[in-house]
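As a plain string of letters, each chain reads:
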Amino acid sequence: MPQQSVREAIRDAMSEEMRADKRVFLIGEEVADYQGAYKCSQGMVQEFGDKRVIDTPIAELGFTGIAVGAGMAGLRPIVEYMTWNFALLATDHILNSAAKTLYMSGGKVGCPIVFRGLNGVAAHVAAQHSQDFANWYMNIPGLKVVAPSNAADAKGLLKAAIRDDSPVVVLEHEVLYGHMGEVPEGDYITPIGKANVARAGTDVSIFAYSMMTVKALAAAEELAKQGISAEVVDLRSLRPLDVAAIKASVSKTHRAVVLEETWAAAGVGAEIMATISDHAWDELDAPVLRLSQLPVPLPYASNLETKCVPQVDDIVREVIALVGGQR
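Residues numbered from 1 in each chain as written. Predicted model: local features only at pLDDT ≥ 70, side-chain atom pairs only at ≥ 80, totals over all residues. Heavy atoms only, no water.

Some words on the pairing of strand 14 (residues 289-293)
Now for step 1: Most of strand 14 is tucked away: four of the five residues are buried.
Now for step 2: Where strand 13 (residues 256-263) meets strand 14, four bridges bridge the pair, whose relative direction is parallel. By the bridge assignment for strand 14, L259 is matched with L291.
Now for step 3: In this fold, the crossover linking strand 13 to strand 14 by way of helix 10 (residues 268-280) has right-handed handedness. (Buried < 20%, exposed > 50% of the residue type's maximum accessible area, 1.4 Å probe, protein only. Helix = DSSP H or I, 4+ residues; strand = E, 2+ residues; numbered from the N terminus. Pairing = 2+ DSSP bridges. Right-handed = clockwise from strand over helix to strand, strands pointing away.)

So this is what it looks like as structure tokens:
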């Protein structure tokens with residue numbers, strides 16, 4: 001399989017779907033002439049023209065509304081945000097229009113649309129540009145939410161999202177855009193709603209998504225050197241969750257750790273812990289461990305940012321304590 005960066009995989013996913021379906025178009029700030037704020041749409045305006053790769057003003061409320069209306073009218077828009085922090089200006093269209101229209105129209109009007117862009121802890125850009133919104137959007141009925149951790153799933157999940165008849169939120173991670181990985185050739189799809197066991201193990205299950213999956217895999221390597229076999233489950237899809245995969249992993253290892261870049265209160269980790277409690281309580285040999293961002297706005301300073309977010313060393317230390325019965 002060829003190696004690609006995450007940004008190249010995203011570009012190929014959009015381009016392949018636009019070639020296959022003329023209803024698909026891309027809209028957002030700097031997606032055309034500038035080739036994308038993070039270069040995820042390189043070469044696309046040259047191939048598809050400025051009627052299907054559309055530059056917009058700095059006006060998330062406006063261009064999101066245009067795209068949602070286009071989705072209701074039968075097109076299949078892809079909306080790119082420079083960062084999900086900026087999408088806060090468009091949440092009425094995302095949460096009240098795109099997510100609820102199918103229900104409120106009695107099934108007569110849908111909105112097949114993809115909302116995608118940078119999510120999570122970026123590199124030293126401070127609190128208003130660096131935040132994980134996963135728990136916000138997975139709380140909304142009518143939305144599907146996915147968060148890839150590698151190039152293959154960045155392509156496969158995005159292609160699945162573009163074809164889906166529901167509105168789908170795709171949470172990409174800036175730090176991962178340059179990460180390289182193998183991407184299957186051809187019409188490769190990652191099914192929404194299916195987790196992936198990224199590394200098999202027997203002593204503890206680590207549940208993660210996006211950048212935290214990368215850190216979990218690095219921690220699992222270190223844990224293996226100390227005789228601890230950690231299973232890493234890449235959730236990939238946050239709504240719907242793969243409950244069966246969560247239950248199966250906990251039933252195998254009997255210990256669970258949840259990693260997230262969100263704050264702990266009402267976060268993704270809380271939902272995973274509730275899922276384990278509902279479906280695998282009797283399988284646990286220890287309380288579920290949750291590692292989250294500290295409950296503060298993310299600092300600009302590099303050393304403080306690092307302290308606020310779980311790092312590989314933190315994961316290793318806490319898992320050792322959990323498996324050793326010291327927590």
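Quick notes on the sheet that holds strand 10 (residues 204-208)
Now for step 1: Across the sheet, five strands lie side by side as 9-11-10-13-14; this open sheet has mixed pairing. Looking at strand neighbours, the two that pair on one side only are strand 9 (196-199) and strand 14, the edges of this open sheet. Each neighbouring strand pair of the sheet contributes to a mean axis angle of 25 degrees, computed without reference to strand direction.
Now for step 2: Relative to strand 11 (residues 230-234), strand 10 runs parallel, the two sharing five bridges. Bridge pairing in strand 11 links S205 to E231.
Now for step 3: The strands touched by helix 10 within the sheet are strand 10, strand 13 and strand 14, with strand 13 carrying the most contacts at an inclination of about 150 degrees. (Axes fitted to C-alpha atoms, helices over the stretch in contact; angles between N-to-C directions. Contact = heavy atoms within 4.5 Å.)

Some remarks on the packing of aromatic side chains
Now for step 1: Using the criterion set out here, one finds five aromatic pairs in the structure.
Now for step 2: Aromatic pair Y38 and Y177: ring centres 5.4 Å apart, planes at 35 degrees, arrangement tilted. Within this pair, whereas Y38 is found in the loop between strand 2 (24-28) and helix 2 (44-48), its partner Y177 is found in the loop between strand 7 (168-173) and strand 8 (180-182), the two being separated by 139 residues in sequence.
Now for step 3: For Y38, a relative accessible area of 21% gives the class partly exposed.
Now for step 4: Relative accessible area serves as the criterion here: at 2%, Y177 is assigned to the buried category.
Now for step 5: One aromatic cluster is present, formed by F63, Y81, W84 and Y137 through successive ring pairs.
Now for step 6: The positively charged end of K39 is found above the aromatic ring belonging to Y34, 3.5 Å away from the centroid. (Phe/Tyr/Trp six-rings, centres within 6.5 Å; stacked < 30°, edge-to-face > 60°. Lys NZ or Arg CZ within 6 Å of the ring centre and 35° of its normal.)

Let's talk about the sheet that holds strand 5 (residues 114-119)
Now for step 1: An order of 3-2-4-5-7-6-12 is seen for the seven strands of this open sheet, with the pairing classed as mixed. Two strands close off the open sheet at either side, each with one partner strand: strand 3 (53-55) and strand 12 (237-239). Shown here is a sheet whose adjacent strand axes are inclined to one another by a mean of 20 degrees, direction ignored.
Now for step 2: Packing of helix 1 (residues 6-20) onto the sheet brings it into contact with strand 2, strand 3, strand 4 (76-81), strand 5 and strand 7, and relative to strand 2 it is tilted by some 135 degrees.
Now for step 3: Each of strand 2, strand 4, strand 5, strand 6 (144-146) and strand 7 touches helix 7 (residues 151-163); the most contacted strand, strand 5, lies at about 150 degrees to it.

Overview of the domain arrangement of the protein chain
Now for step 1: Examined at the domain level, the protein chain breaks down into domain 1 (3-182) and domain 2 (196-323).
Now for step 2: Once you take the C-alpha centre of each, domain 1 and domain 2 turn out to be 26 Å apart.
Now for step 3: Every contact between the two is made by 31 residues of domain 1 and, on the other side, 27 residues of domain 2.
Now for step 4: Summed over both partners, the interface of domain 1 with domain 2 comes to about 2300 Å²; 59% of that surface belongs to carbon and sulfur atoms.
Now for step 5: The largest per-residue losses of area from domain 1 upon contact with domain 2 belong to V121, H124 and M138, which jointly make up 27% of the total buried on that side.
Now for step 6: On inspection of domain 1 and its partner domain 2, the count reaches one salt bridge.
Now for step 7: A salt bridge links D153 to R236, with the shortest nitrogen-to-oxygen separation between them at 3.2 Å. (Domains from an automatic or database assignment. Buried area = accessible area lost by both parts, 1.4 Å probe. Salt bridge = Lys/Arg side-chain N within 4 Å of Asp/Glu carboxyl O.)

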